[in-house]
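Structural characterization, general
So you can see what is in the structure, the chains are spelled out below.
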Amino acid sequence: MVAHNVPPGLGTYAQWDERLDALLAGAVMSLQAVKAVEIGSGIHAAHSADRLCTIEIGYQKESGPAAFTRTRNNAGGIEGAFPNGQKSVCAVI
């Protein structure tokens, strides 16, 4: 499942039941056939070296408010419970 154009900053980090990643995982897990949910490359990251999971953050001043860029989308578009402007990726297992 992929969501495009998710506004950066949607959700909260302060309330566990209002975190975007928790709401997304909860909605997908409510389907009876689903046994696992992966946001980004979470399962691969658990078995990889730390240096392979690091996401470099860049900055492009001319891009306006969405000036921060990432070289990869390992976090699935969600960092710290907030969308980061990249496509949000959720895999169902």
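Residues numbered from 1 in each chain as written. Predicted model: local features only at pLDDT ≥ 70, side-chain atom pairs only at ≥ 80, totals over all residues. Heavy atoms only, no water.

**What to know about the overall build of the protein**
A count of helical and extended segments in the protein gives 3 helices and 7 strands. Starting at the N terminus and walking to the C terminus, you meet the elements of the protein as β-α-β-α-α-β-β-β-β-β. Considering only residue pairs separated by 6 or more positions, the protein has 50% of its internal contacts joining residues 24 or more positions apart. As presented, the protein carries roughly 6,300 Å² of accessible surface, and 59% of it is formed by carbon and sulfur atoms. (Helix = DSSP H or I, 4+ residues; strand = E, 2+ residues; numbered from the N terminus. Contact = heavy atoms within 4.5 Å. Areas by Shrake-Rupley, 256 points an atom, 1.4 Å probe, with all protein chains shown as cover.)

**What about the environment of Val89?**
Relative to the helices and strands, Val89 resides in strand 7 (residues 88–92). Distance from Val89 to Asn73, taken between C-alpha atoms, is 8.7 Å for residues 16 residues apart in sequence. Other than its neighbours up to four places away in sequence, Val89 contacts Met1, Glu38, Ile39, Gly40, Asn73 and Gly76.

**Quick notes on unusual backbone geometry**
If you check the backbone angles, Asn5 has positive phi at about 60 degrees while not being a glycine. If you trace the backbone, Asn5 turns up in the loop between strand 1 (2–3) and helix 1 (20–29).

**Considering the sheet that holds strand 1**
Strand order in the open sheet formed by 3 strands is 1-7-2, with antiparallel pairing between adjacent strands. The outermost strands of the open sheet, each flanked by one partner alone, are strand 1 and strand 2 (37–39). With 3 bridges joining them, strand 2 and strand 7 adopt antiparallel strand pairing. Among the inter-strand pairings, Ile39 is bridged to a residue of strand 7, identified as Cys90. Sheet contacts for helix 1: strand 2 and strand 7; angle to strand 2, the most-contacted strand, approximately 150 degrees. (Pairing = 2+ DSSP bridges. Axes fitted to C-alpha atoms, helices over the stretch in contact; angles between N-to-C directions.)

**Some points on the side chain of Glu38**
As for its placement among the helices and strands, Glu38 is situated in strand 2. Apart from residues no more than four positions distant in its own chain, Glu38 is found in contact with Ile43, His44, Val89, Cys90 and Ala91.

**A few points about a nonpolar patch on the surface**
A cluster of nonpolar side chains, namely Ile57, Tyr59 and Phe68, defines an oily patch on the protein surface of about 360 Å² accessible area. Relative to the helices and strands, Phe68 resides in strand 4 (residues 68–70). (Patch = residues over 30% accessible without salt bridge, like charges linked within 9 Å, V, L, I, M, F, W, Y side chains within 5 Å. Salt bridge = Lys/Arg side-chain N within 4 Å of Asp/Glu carboxyl O.)

**Structural notes on the confidence of the model for the protein**
For the protein, per-residue confidence averages 79 on the pLDDT scale, and 89% of positions sit at 70 or higher. Helix 1 holds the highest mean pLDDT among the elements of the protein, 88, whereas helix 3 (residues 50–53) holds the lowest, 65. (pLDDT = per-residue confidence, 0-100.)

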